[in-house]
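Reading the structure
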Amino acid sequence: MTISDVTMPREIPDPPGIAHARTLCAAWYADPDFFATERRAVFRSGWVCAGVTDEIPPAGSWTGRTVGGIPILLVRDRDGALRGFLNVCRHRAAPLCEEGETNEGPLIRCPYHSWLYRLDGSLAKAQGVGAPADFDLDEYSLEPIGVATWRRLVFVNLADPDATLDLGPLAAAVDRCPIEEMTLVLSETDERRFNWKALLENYSENYHTPFVHPEIDTTSTEDYPMVSDGPVLYAWDRPLRPGSADDEQIRHSLLPGEPGWERLFDADTTRPYDVGSYLTIWPNAMINIFPDAILAMWMEPVGPNRTVVERRLYALPGRRGDGLADNLRAHAIVHQQDVDICEAVQRSHDAGLDADGVLATFEERGVYFVHENLRSALASDERTR
Ligand code: FES
Ligand SMILES: [Fe+2]
């Protein structure tokens, strides 16, 4: 590949069907019955981001989490293998560990009647159980769920313990990013007053940026193309300088994994939104990738109009030096602006006001990605009922 092949902005065709797309009805953001169906179809039927690897327990310990409204147990055995189980005792359903609590030891003890489980989930002892007919310890293991890690993120699959996590080729966007060397500089957990899709849609479009975030208005200098493949939507800041053959243009015209793309990570930027790429990972994770920092967000829906939003910002020590405080300030302002507009839109949904709007065919292809994934999850849920 020569430079001249890649200096012109890449043509990104409209996704088929987007020209005829309409926004989702208000009930899909506000109705408790719809929420119950959606949570089953989306959060309990496939891979969901459940956190970051540095917050799961060290070898020989376990912790309680909630994913898709289901209490789960993440366990690391003494050899370091990570496993997941439903957090429910096979005797009379006591939780084995409270949400957010971490315990350690050779065996997991149920707090109710003291049944003991090994760290591989098998039942080791049911003290005092007597002689129930046909009772076999081997048939009373904890119910396994799928668990996988990808870089610094943890994913779980409540429907299939044997599923394989495959984020597809666009996940290579993080390949050159030294996340493991970065240090945590921000950790926030907030319950927000919007449906989880509101933030996912907002994150997946740049249409609102000049209006909601006037301080990062770059619409005259760059566009914000997006492509999707499998569960990943990839967007990037692309300078609009036709004819320029400098590195800026090159790195912003390529997709992850293509020759030359990795130069993104050689960029020396002092402003947080100069150079970035952005991953939406269906259904609940969002990652901002900068040359020397990464912002990971994931969500747990707790009601039709309530969502817990987790945010972790990691940065390479030293690269930005004094700029880190500015960077954190910029992230905080931008995030609050997004939260405010999502909560405002949610009030319309809660009032039952349908927009019946169209989608911008270039700018809102990420919103379309969210809607198409949702429709597909609902359709497969319908087929399995
Ligand atoms: S519920 Fe766990 S031992 Fe009884
Ligand atoms: Fe925004």
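Everything numeric in this text was worked out from a predicted model, so none of it was measured.

1. With respect to unusual backbone geometry
- Here Trp-282 and Pro-283 are connected by a cis peptide whose omega angle stands at 5°.
- In this structure, Ala-93 is a non-glycine residue whose phi angle is positive, near 75°.
- Looking at the secondary structure, you find Ala-93 in the loop between strand E4 (82-86) and strand E5 (102-104).
- Not every positive phi belongs to a glycine, and Asp-356 is a case in point at roughly 50°.
- Examined against the element boundaries, Asp-356 turns out to sit in the loop between helix H7 (323-350) and helix H8 (365-384).
- Residue Asp-356 is classed as exposed on the basis of its relative accessible area of 55%.

2. Let's talk about empty space enclosed by the protein
- Scanning the entire structure with this criterion turns up 2 cavities of 30 Å³ or more.
- Each pocket or cavity is described by its volume, and for the second largest cavity that value is around 70 Å³.
- Lining the second largest cavity, in full, are Trp-150, Arg-151, Arg-152, Leu-153, Val-174, Ile-179, Ile-287, Ile-294, Ala-296 and Tyr-314.
- In this structure, the lining of the second largest cavity is formed jointly by two domains, domain 1 (3-41 + 168-384) and domain 2 (48-157), each of which donates at least three residues.

3. Some remarks on the coordination of the iron ion (ligand 2)
- Distances from the iron ion (ligand 2) to its protein donors, His-208 (NE2), His-213 (NE2), Asp-338 (OD) and Asp-338 (OD), fall at 2.0 to 2.6 Å.
- Metal-centred angles of 55 to 147° between the 4 donor atoms at the iron ion (ligand 2) mark the site as irregular.
- Along the chain, the residues donating to the iron ion (ligand 2) fall in the pattern H-x4-H-x124-D. The exposure classification of His-208 matches that of His-213, with both residues buried.

4. Focus: the pairing of strand E14 (residues 232-236)
- Of all 5 residues in E14, 5 are buried, a share of seventy percent or more.
- Because side chains alternate across E14, one face comprises the buried residues Val-232, Tyr-234 and Trp-236, and the other comprises Leu-233 and Ala-235, equally buried.
- Where strand E13 (residues 226-229) and E14 come together, 4 bridges link them in antiparallel fashion. Bridge pairing links Ser-228 to Leu-233 in E14.
- As consecutive antiparallel partners, E13 and E14 are separated by 2 residues, and within that stretch Gly-230 has a phi angle of approximately 60°, a positive value.
- Pairing geometry for E14 and strand E16 (residues 277-281), over 5 bridges, is antiparallel. Within E16, the residue paired with Tyr-234 across the bridge is Leu-279.

5. Overview of the sheet that holds strand E10 (residues 153-157)
- Sheet architecture is open: 7 strands sit in the order E1-E10-E9-E4-E3-E2-E5, paired in antiparallel fashion. A single partner strand is all that each edge strand has here, and the edge strands are strand E1 (47-52) and E5. Pairwise comparison of adjacent strand axes, ignoring direction, gives a mean angle of 30° for this sheet.
- Two strands pair when backbone bridges link them, and strand E9 (residues 144-150) and E10 are joined in this way by 5 bridges, in the antiparallel orientation. Counted as the bridge partner of Gly-146 is Asn-157 from E10.

6. Some details on the pattern of salt bridges
- Per the stated rule, a full pass over the model turns up 13 salt bridges.
- We note a salt bridge from Arg-152 to Asp-54, for which the minimum N-O separation is 3.3 Å. Of this pair, Arg-152 sits in the loop between E9 and E10 while Asp-54 sits in the loop between E1 and strand E2 (61-67), and the two are 98 residues apart along the sequence.
- By relative accessible area, which is 14% here, Arg-152 ends up buried.
- For Arg-385, the salt bridge goes to Asp-381, with nearest N and O atoms at 3.9 Å.

Conventions and cut-offs
Residues numbered from 1 in each chain as written. Chains lettered and ligands numbered in written order. Predicted model: local features only at pLDDT ≥ 70, side-chain atom pairs only at ≥ 80, totals over all residues. Heavy atoms only, no water. Helix = DSSP H or I, 4+ residues; strand = E, 2+ residues; numbered from the N terminus. Buried < 20%, exposed > 50% of the residue type's maximum accessible area, 1.4 Å probe, protein only. 1 Å grid on protein atoms, 1.4 Å probe; cavity = no way out; pocket = protein on both sides within 12 Å on 5 of 7 lines; lining within 4 Å. Points joined across faces, edges and corners; volume = space filled by probe spheres on them. Domains from an automatic or database assignment. Donors = N, O, S within 2.8 Å, 3.2 Å for Na, K, Ca; no water. Tetrahedral: all angles 85-135°; square planar, octahedral: opposite > 155°, others 65-115°. Pairing = 2+ DSSP bridges. Axes fitted to C-alpha atoms, helices over the stretch in contact; angles between N-to-C directions. Salt bridge = Lys/Arg side-chain N within 4 Å of Asp/Glu carboxyl O.

What is shown is where atoms sit, not what they do.
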